[in-house]
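# Geometric and topological summary
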Amino acid sequence: MAEEGIDVLVVAGNPWRSDYLRFAADITPVEGHAFAFIGREGPARIIVESPAEAARLRSEQAELDVRWSLSAIEETETAIRELGQLRIALAPLAAVPCRLAMGPLAAGIARATALLDRLMLRKSPPEIEALRRAAVLADEGYAVFRKAARVGRPEYALVAEVEAFFRSRGCPENFQILGSGGREVRGMHPPTERRLAPGDLVTTELTPCVDGYYAQICRTLVLGEPSEAQERVFSVYNEALEAGIAAVRPGATAGDIAWAQNKVFRNHGLGDYVTSEYTRVRGHGLGLYVDARPAVLEDVDLKLEPDMTLIVHPNTYHPEVGYFVHGDSVRVTPDGCEVLTRTARRLFSVPLV
Amino acid sequence: MRRGLISWSRDEVPPSVLEGRVARLQEQMRAAELGVVLIYTSFARPSAVAWLTHFVPYWNEALLVVLPTGAPVLLAAFSKRVHDWIRSVSHVGEVRSAPDLGRAAAAFLGEHLPKPLRIGVLELDALPWPVAEPMIKSEHGRALVDATGLFAAIRQPADEVEIRLARRAATIAVQALKAIPTGTKRASELLSVLERSARLDGAEEVLPRLAPDLRANATLRRLEGDALLGERYAVELSVAYKATWVRITRCVSTQAVPPSWRGAANRFVETVERLNEANLSLEPKNAAWTLETCRGSPPLSIVATGEAPSPSPLPGGSLACLSLRLKLDDGPWLGGEPLILGGREQPSRLLI
């Protein structure tokens, strides 16, 4: 902040975008808007929307000056005005509400957001440690998922078992989507009432959170013995994942990781399936947000640096077997990368009985 | 992020009910001379769009465009591959891909509103800046007006469909609370049981908060990690079922239930009975309280609380949740239940 000439940074957040607030003030809003006023010495004031949220945050950090207002945005606007001649900046772009951005602070939002983004990209040793623990939890969660995946069970029951496990390990948050079926499945989504059937491919992306930090695992399993086609498809995705991970090193770009994975698909005549018609990204950053920067896409030129963390996942649709996922969390090291995910890279098979 | 069951049962929420809600909004729009109403949704602010269309984003964001006639259009920042899923769980006329929501909205307005008409935006002040900015800077910028009051005017009282969903949500929460094993020692064990029970019962989302040791601290906390449970603890369980949220709070004693708690429960019921649309200012002794309802995009927002002087009006028949904290001689007591607000001179009644 001193280098950027900022006296007070006002950080906005909500349950959807709580990452910047967690980074700047170590708070996680559960409901409503929250705003943190960060001085050069640390968080000075927090404004939230309900007395319950205010009481909770005070109990978590007694030293915080937490206030609440039913009109938290208006209250924040007034508090900003009262700061007078101080140099104030507002961030992040994704969470700043319209009313606060309508004034003179609008021009600086992008720059203040970039400042936070830079700080959040490379992880400190305690942040890496939290991510390592989250990766262990993701591995264990996937073992629970495999055990829960049985013919006849609805998709939502699998998530219930995984959530119960995560809670038993003190994990308050998880991002999880899944898919089940065959060639007709084009992606993943929240769990439905569909019941698992023999021969289904069951995909999932599990993303538990430890101390605010998310790690992810993507795997695909088959209910019953895998078909020859499913095995063959797995080997393509595994080759792509390995190629992507091999490309992770300082100085490489996020685009290089995407290109390495996509090249494998192109070599197998599957180039059409690495486009936005069939897939979103070939991985993404991991941190206090589940889908953090950088997006792993061929046109992203952000250079990797040591202690950046990301998931590499060549997830996409395959015309023979349907949507298929496979991905590991990694940390960039000075000379390559450390794979945080420990679950075997294989096409898991779940017995039918 | 939402990760419970998201599905649309046409039996539980008939398309005609959703169409009726949209028609009421369109009627208000015409009366207010609005050419369009825009409603933002994310998993943090899903409720207005869900009430009109049954769509709940599990992540990402979208903008619902309601024109004076016809079915609403959803501009969705989701990948196109998810559109089939969106259509399967919601009742909208068209789903348009809109990776840059603000620009897509500005372009849509340009296409559909050639004349300068007023554009209503639900909770305009709160609209995320990347969504708002392209519209504000477009030729339509000066036409944007806040439509929060207009939407709130039609949002409550609750219809029978919503009350049934809320009752189901409350039943899921109560069943989860009943599933807590006797002798549970740790918060992690307790929360695991609650999650499992509620999600297996079809909860769309579960939001537990816990005061692990009531005698030490009665603040309801979002737990990361673990905590030992005291002899007395309190659990607040907010549960969504098909986009309808309720909040239930219970105290648990590992010993015999203290007699003072029975008195507290009676006081809770008396408080509910005193509450109605003409009397939203409770004055229970030694108590803190909050009355919440859904009338915008947040799942629950405060109507009245003992900590703020003036309640905002809420009509009889509204679905609401009352949370009460009492200071008893032998320590704090917390209770919370969903209710249907009484009309003028009518008592409110508990939902279950």
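Predicted, not measured: the structure shown is a model, and the values here were computed from it.

### Quick look at the overall build of chain B
- Tallying secondary structure elements over chain B gives 9 helices and 14 strands in all.
- By the compact-globule yardstick of 20 Å for 352 residues, chain B fits well, its C-alpha radius of gyration being 22 Å.
- For the C-alpha atoms alone, the extent of chain B along its principal axes is close to 70 × 45 × 35 Å.
- Residue burial in chain B is summarised as follows: out of 352 residues, 52% are buried.
- In chain B, the proportion of contacts linking residues at least 24 apart, taken out of those at least 6 apart, comes to 64%.

### Some remarks on the interface of chain A and chain B
- Each partner contributes to the interface: chain A provides 51 residues, whereas chain B provides 49 residues.
- Breaking the side of chain A that touches chain B down by element, the ones donating at least two residues are helix H2 (51–60), helix H4 (98–101), helix H7 (155–168) and strand E6 (174–181) of chain A.
- No other element matches the 8 residues that H7 of chain A contributes to the side of chain A that touches chain B.
- For the side of chain A that touches chain B, the residue count by class is 28 nonpolar, 13 polar and 10 charged.

### Examining unusual backbone geometry
- Cis peptide bonds are those with omega within 30 degrees of zero, and the linkage from Ala91 of chain A to Pro92 of chain A qualifies with -10°.
- With respect to the secondary-structure elements, Pro92 of chain A resides in the loop between strand E5 (88–91) and H4.
- Cis geometry marks the peptide bond from Arg293 of chain A to Pro294 of chain A; its omega dihedral reads -5°.
- Relative to the elements of secondary structure, Pro294 of chain A occurs in strand E11 (residues 292–295).
- Of note, the phi angle at His54 of chain B is positive, near 75°, even though the residue is not glycine.
- At Glu123 of chain B, a position not held by glycine, the phi torsion is positive, near 50°.
- Relative to the helices and strands, Glu123 of chain B is located in the loop between strand E5 (118–121) and helix H5 (129–136).

### Observations regarding the confidence of the model for chain B
- Of all residues in chain B, 100% have pLDDT values of 70 or greater, and the mean over the chain is 95.
- The complex model carries a pTM of 0.97, and its ipTM stands at 0.96.

### Section: the pairing of strand E16 (residues 336–339) of chain A
All names here are of chain A.
- Taken together, the 4 bridges between strand E15 (residues 328–333) and E16 define a ladder with antiparallel strand orientation. Within the sheet, the bridge partner assigned to Arg331 lies in E16 and is Glu338.
- Following E15, the chain reverses through 2 residues before pairing antiparallel with E16.

### Some points on the pairing of strand E7 (residues 205–211) of chain B
Residues and elements named next belong to chain B.
- Most of E7 is tucked away: 6 of the 7 residues are buried.
- Here E7 pairs with strand E8 (residues 232–241) via 7 bridges, running antiparallel. Residue Leu207 lies in a different strand from E8, and its bridge partner there is Ser238.

### Topic: the environment of Arg249 of chain A
- Here Arg249 of chain A lies in the loop between helix H8 (228–246) and helix H9 (254–267).
- Ignoring sequence-local partners within four residues, the contact set of Arg249 of chain A consists of Leu304, Val332, Asp335, Gly336 and Cys337 of chain A.

### Concerning the domain arrangement of chain A
Residues and elements named next belong to chain A.
- Here chain A is described as being made up of domain 1 (8–120) and domain 2 (125–350).
- Taken together, the contact between domain 1 and domain 2 spans 6 residues of the former and 5 residues of the latter.
- Counting only elements with at least two residues in the side of domain 1 that touches domain 2, the list comes to helix H1 (19–25) and helix H5 (109–121).
- No other element matches H1, which puts 3 residues into the side of domain 1 that touches domain 2.
- Looking at the side of domain 1 that touches domain 2 residue by residue, the classes come out as 2 nonpolar, 1 polar and 3 charged.

### Let's talk about the domain arrangement of chain B
All names here are of chain B.
- The domain boundaries assigned to chain B delineate domain 1 (15–155) and domain 2 (160–350).
- One C-alpha centre belongs to domain 1, the other to domain 2; they are set 32 Å apart.
- Between domain 1 and domain 2, the residue contacts involve 16 residues of the former and 9 residues of the latter.
- Contributing elements (two or more residues each) for the side of domain 1 that touches domain 2: strand E1 (34–42), helix H2 (47–53) and helix H6 (148–155).
- Of the residues forming the side of domain 1 that touches domain 2, the biggest block, 4 residues, is contributed by H6.
- Split into classes, the residues belonging to the side of domain 1 that touches domain 2 amount to 9 nonpolar, 4 polar and 3 charged.

### Re helix H8 (residues 187–200) of chain B
- Look at H8 of chain B: 20 Å from first C-alpha to last across 14 residues, which is about the 20 Å you get at 1.5 Å a residue.
- Gly202 of chain B occupies a position one or two residues after H8 of chain B and carries a positive phi of about 100°.

### Side note on the sheet that holds strand E2 (residues 34–39) of chain A
All names here are of chain A.
- In spatial order, the strands read E4-E3-E2-E1-E5; together these 5 strands make up an open sheet with mixed pairing. Looking at which strands have only one partner, the edges of the open sheet turn out to be strand E4 (66–68) and E5. Adjacent strand axes in the sheet meet at a mean angle of 20° when their direction is disregarded.
- Of the pairings in the sheet, the one linking strand E3 (residues 42–48) to E4 comprises 3 bridges and is parallel in character.

### A closer look at the packing of H7 of chain A against H8 of chain B
- Their axes nearest at 7 Å, the elements H7 of chain A and H8 of chain B cross at an angle of 170°. One finds that H7 of chain A runs roughly antiparallel with respect to H8 of chain B. Side by side, H7 of chain A and H8 of chain B meet where Tyr156, Ala157, Val159, Ala160, Glu163, Ala164, Arg167 and Ser168 of chain A of the first sit next to Ser188, Glu189, Leu191, Ser192, Glu195, Arg196, Arg199 and Leu200 of chain B of the second.
- In terms of residue class, the contact of H7 of chain A with H8 of chain B is made up of 7 nonpolar, 3 polar and 6 charged.

Rules and cut-offs
Residues numbered from 1 in each chain as written. Chains lettered and ligands numbered in written order. Predicted model: local features only at pLDDT ≥ 70, side-chain atom pairs only at ≥ 80, totals over all residues. Helix = DSSP H or I, 4+ residues; strand = E, 2+ residues; numbered from the N terminus. Rg over C-alpha atoms; globule rule 2.2 N^0.38 Å. Buried ≥ 20, exposed ≤ 12 C-beta atoms within 10 Å, placed from the backbone. Contact = placed C-beta atoms within 7 Å. Nonpolar A, V, L, I, M, F, W, Y, C, P; charged D, E, K, R; others polar. pLDDT = per-residue confidence, 0-100. Pairing = 2+ DSSP bridges. Domains from an automatic or database assignment. Expected span 1.5 Å × (residues − 1). Axes fitted to C-alpha atoms, helices over the stretch in contact; angles between N-to-C directions. Parallel < 35°, antiparallel > 145°, perpendicular 65-115°, else oblique.

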